[in-house]
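# Summary of the model geometry
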Amino acid sequence: MALNIQHDREQTRFYVPPESLDDDADPGSPAHMANLGMVLSYKEVRPGVVEFKSTLVPPHLRGQGLGTQLVRQGLDWARSEGYKVVPLCPFTAQFIEENPEYQDLLDEQS
């Protein structure tokens, strides 16, 4: 599933609106009702350094690579903006550990 990932700079997050994830769920079904969207939140902690705080994926959508798409988009943005990253989120930390092409983004001071 290709995601419609959006970047909200004011709320410092990458997100997928819940309505874009509901295509296959019947209205009123538990999957439809539980779908709160997906979010990767971050915070600039000092000039040139952002913390990736949390990645939220609804339980019924986990294990499909959707969180990976969200984290990849966030890390690609950090790279394009010249940020170093502090992965407070365990999912983001694991993603960076398993994908060496992103390890250069890690902030050495953290």
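Now for a quick tour of the structure. (Residues numbered from 1 in each chain as written. Predicted model: local features only at pLDDT ≥ 70, side-chain atom pairs only at ≥ 80, totals over all residues. Heavy atoms only, no water.)

### Brief notes about the packing of aromatic side chains
In this structure the tally under the stated criterion is six aromatic pairs. Their ring planes at 65° and their centres at 5.6 Å tell us that Phe 14 and Trp 77 sit as a pair that is edge-to-face. Taken together, the residues Phe 14 in strand S2 (residues 13-16) and Trp 77 in helix H2 (residues 66-81) connect sequence positions 63 residues apart. Residue Phe 14 is classed as buried on the basis of its relative accessible area of 1%. The buried category is assigned to Trp 77, whose relative accessible area is 9%. Each ring, one from Phe 95 and one from Tyr 102, has its centre 5.5 Å from the other, and the planes form 50°; the classification is tilted. For Tyr 102, a relative accessible area of 4% puts it in the buried group. A network of ring pairs unites the aromatic residues Phe 14, Tyr 42, Phe 52, Trp 77 and Tyr 83 as a single cluster. Directly above the ring of Tyr 15 sits Arg 13, whose terminal nitrogen or CZ lies 4.2 Å from the centroid. (Phe/Tyr/Trp six-rings, centres within 6.5 Å; stacked < 30°, edge-to-face > 60°. Helix = DSSP H or I, 4+ residues; strand = E, 2+ residues; numbered from the N terminus. Buried < 20%, exposed > 50% of the residue type's maximum accessible area, 1.4 Å probe, protein only. Lys NZ or Arg CZ within 6 Å of the ring centre and 35° of its normal.)

### Looking at the pairing of strand S3 (residues 38-46)
Two faces, one strand: in a regular strand the side chains alternate between the faces of the sheet. Taken together, the four bridges between S2 and S3 define a ladder with antiparallel strand orientation. Residue pairing in the sheet places Arg 13 in a bridge with Ser 41 of S3. As judged from the seven bridges shared by S3 and strand S4 (residues 49-56), these two strands associate in the antiparallel manner. Bridge pairing in S4 places Ser 41 opposite Ser 54. Between S3 and the antiparallel strand that follows it, S4, lie two residues; Gly 48 among them carries a positive phi value of about 85°. (Pairing = 2+ DSSP bridges.)

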